[in-house]
Amino acid sequence: MYSLRKSTLAALGAAGLAAALGGCSFEPALRIPPSPSDRVPYTASPSPEKTASAPGPAGQAQTLEYGRDLDQEWWTLFHSRALDTLIATGLKNSPTVAQAQAQLEEARAVARENASIFYPQVSGSLAAQRQKASSAAFGGKNGGFRYSLITGSLNVSYYPDIFGVNRLVYRNSEALVHYQQWELQAARLALTGNIVTAAVNVAATQAQIAATKAIIAQEQKLLQLTENQYRAGAITYLSVVNQRSQLSSEMATLPPLEQQLAVYRHQLAVLVGQFPAEAKVPDFQLSDLHLPEKIPVSLSSQLLKQRPDIQAAIAQMQAANATIGEARAQFYPTVKLTAALGDTASNPNLFFNPISSIWSLVGSLSQPIFEGGKLRAQEAQAKAAYEVVYQQYRSTVLGAFEQVANALRALEHDAETLKAQEAALDSARSALSLAESSYRAGATDYLSLLTAEVQYDNAKIAVIRAQSQRYQDTAALLVALGGGWWTQKNDMPEPYAAHSGDMAQNVAGKS
């Protein structure tokens, strides 16, 4: 009884020591690069608060509202039900989103597995054996004796987290769960951006096809007119040949556009998780899409919190930081407490009798003494791994600011380009009308008419491209700002953002 009490007190003492030292951790302070101040603009020179306007579809001016956060799912700003429906289908069926969701579930399962180390591990065992023993070992001369043995026990093992290793392992897996959560949001954001871009490409290509067909019809009329004038002896046959060549050249541009449209439709089908032959892709028209006129532009600090890729990079740093702590803790002892309580008897009737009871209580400690530099190398490896993700974070942040800056400038220049292209189309339309009238009246030669045709054709296609570019660059800006994922109902972790000018954030104490 005395020995049992003494062992119990020793175990309690070890547990008390574990609790007293439980707050110790070898995890270093989380080192994060300083973030830019909100007073620092995205671009080298101030971006305009309002873009230029132009006549026609997608020509309205856009107002950039700096300091305002996007408070909705960004694609709804285009006010297209067909687009909303397509994105909803994509988010539901996309294999890339499903893959990211599965990776998140895998990370959560690993975290739950690592969390089990905080609790005692309890197992039960039951064994029955029948054995014959030789009596020769005991000086006997008979053939030996037979006996049965039944043993049952309840076994408990526990690793006191004296140096915080268990917590560091769990912090690592918890950070990887957060990483996968942000990766899932990044996959959703990329998918929605790709769907909008592909939808705009479908609309723009269809507009180019319609414009090309109208141009071909006009070229055919001019060819007929040219042939009539040739028969009347008003022009040479060279003018007929030139017009036929112009018509053939224009007709040759149609098949590549139709192929391009097919590719964009197939791309949309795959993005929403469907086979190209089975997908029902809407016939998007540029006129069906509303160009957002008011665009919120978040401040720098909000951008760091809103971008899923930046938050994922921070989660990677947190996981790598915990790994450094794990490597440091390997230099110190590991304590294990085990206990067993059960019964053993040769007769089943005696199995639950107090005289058959057995127990054990064991405390063990292991300490690395010499491992040929292995532990130092593991610590150096962990620190180098942290430096890798540290620089990845810097690249991600710089890339995010570059994307926003490029998109802001693009909105400004797209509006000016569309305005200039609309003016060029106006002039080309007037020039073509005058050239046709003069040509019919015989006041000008065919070369002047052909020149006016080419200029008009090029101007019409250029306007369509400029219109679609405004939609695409607007979508690019909204995606670069984070996309409004926070409006969705989900269990996302609280975004982490470093303070401006702070080189490190303490998220774990040193031992």
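Residue numbers restart at each chain and count upward from 1, following the sequence in its written direction. Given that this is a predicted model, residues contribute local features only at a pLDDT of at least 70 and side-chain atom pairs are listed and counted only at 80 or more, while totals for whole chains, interfaces and linings are drawn from all residues. To obtain the side-chain values, all non-hydrogen atoms of the structure were used and water was disregarded.

Trainee: Looking at this structure, how should I read unusual backbone geometry?
Mentor: Residues other than glycine predominantly adopt negative phi, and peptide bonds predominantly adopt the trans conformation. Although it is not a glycine, Ala58 sits at a positive phi angle of roughly 60°. A run of H or I in DSSP becomes a helix once it reaches four residues, and a run of E becomes a strand once it reaches two; helices and strands are each numbered from the N terminus. Looking at the secondary structure, you find Ala58 in the loop between helix H1 (2-21) and strand S1 (63-66). One non-glycine residue, His79, lies in the positive phi region at around 50°. Counting through the fold element by element, His79 comes out in the loop between S1 and helix H2 (81-93). Note on His79: relative accessible area 58%, which makes it exposed. With a 1.4 Å probe rolled over the protein chains alone, any residue whose accessible area is under 20% of its type maximum counts as buried; one over 50% counts as exposed, and the rest are partly exposed.

Trainee: Looking at this structure, how should I read the pattern of salt bridges?
Mentor: Pairs may arise between side chains of opposite charge once their charged atoms sit close together. The term salt bridge refers to a side-chain nitrogen of Lys or Arg lying within 4 Å of a carboxyl oxygen of Asp or Glu. Summed over all chains, the structure comprises 13 salt bridges. Where Glu65 meets Arg68, a salt bridge forms, and the shortest distance between an N and an O atom there is 2.4 Å. For Glu379, the salt bridge goes to Lys383, with nearest N and O atoms at 3.5 Å. In this pair, Glu379 and Lys383 are both assigned in helix H9 (residues 374-440), 4 residues apart and thus about one turn of the helix distant. Judged by relative accessible area, which is 11%, Glu379 ranks as buried. Assessed through its relative accessible area of 39%, Lys383 is described here as partly exposed. Salt bridges linked by common partners bring Arg328, Arg376, Glu379 and Lys383 together as one network.

Trainee: How should the environment of Ala262 be read in this particular structure?
Mentor: Here Ala262 shows up in helix H6 (residues 254-271). The sequence separation of Ala262 and Pro276 amounts to 14 residues, and the corresponding C-alpha distance is 9.5 Å.

Trainee: Please explain the side chain of Ser239 as it appears in this structure.
Mentor: Within the secondary structure, Ser239 sits in helix H5 (residues 237-252). Aside from chain neighbours lying at most four places away, what touches Ser239 is Thr226 and Tyr446. Throughout, a contact is declared for two residues whenever any of their heavy atoms are within 4.5 Å.

Trainee: Before we go on, may I ask you to explain the packing of aromatic side chains in this structure?
Mentor: To describe a pair of aromatic rings, one takes the distance between the centres and the angle between the planes. Aromatic rings from Phe, Tyr and Trp, taking only the six-membered ring of Trp, are treated as a pair when their centres fall within 6.5 Å; an angle between ring planes under 30 degrees marks them as stacked, one over 60 as edge-to-face, and anything in between as tilted. According to the stated counting rule, one finds 10 aromatic pairs in the structure shown. An aromatic cluster is built from Trp74, Trp75, Phe78 and Tyr471, whose rings are joined through pairwise contacts. Its end group placed over the ring of Tyr390, Arg31 keeps NZ or CZ at 4.1 Å from the ring centre. As a reminder, the over-ring test applies to NZ of lysine and CZ of arginine, requiring each to be within 6 Å of the ring centre and within 35 degrees of the ring normal.

Trainee: Quick question: what am I supposed to make of the sheet that holds strand S2 (residues 121-133) here?
Mentor: Two orientations exist for strands paired in a sheet by backbone hydrogen bonds: parallel and antiparallel. Spatial ordering of the open sheet is given by S2-S3-S5-S6, a layout of 4 strands whose pairing is antiparallel. A single partner strand is all that each edge strand has here, and the edge strands are S2 and strand S6 (357-366). Averaged over all neighbouring strand pairs, the angle between strand axes comes to 20°, with direction disregarded. Think of it this way: DSSP has to see at least two bridges between two strands before they count as a pair. Two strands pair when backbone bridges link them, and strand S5 (residues 334-345) and S6 are joined in this way by 10 bridges, in the antiparallel orientation. If you follow Thr334 over to S6, its bridge partner there is Ser366. Working convention: axes come from line fits to C-alpha atoms, limited for helices to the stretch in contact. Angles between N-to-C directions cover 0 to 180 degrees.

Trainee: Hey, could you run me through the packing of helix H4 (residues 165-231) against H5 in this one?
Mentor: Helix packing geometry: the angle between the two helix axes and the distance between the axes. At their nearest, the axes of H4 and H5 sit 9 Å apart, and the two run at 165° to each other. Comparing the axis directions of H4 and H5 gives the class roughly antiparallel. As H4 runs across H5, the sense of the crossing is left-handed. Contacts between H4 and H5 pair Thr212, Ile215, Ile216, Glu219, Gln220, Leu222, Leu223, Thr226, Glu227 and Tyr230 from the former with Tyr237, Ser239, Val240, Gln243, Arg244, Gln246, Leu247, Glu250 and Met251 from the latter. The class makeup of the residues in the contact of H4 with H5 is 9 nonpolar, 6 polar and 4 charged. Angles are sorted into four bins: roughly parallel if under 35 degrees, roughly antiparallel if over 145, roughly perpendicular if 65 to 115, and oblique for all others. Helix crossings are classified by the rotation of the near helix relative to the far one: an anticlockwise turn of less than a right angle makes the crossing left-handed, while a clockwise turn makes it right-handed. Residues were grouped as follows: Ala, Val, Leu, Ile, Met, Phe, Trp, Tyr, Cys and Pro as nonpolar; Asp, Glu, Lys and Arg as charged; and all remaining residues, including Gly, as polar.

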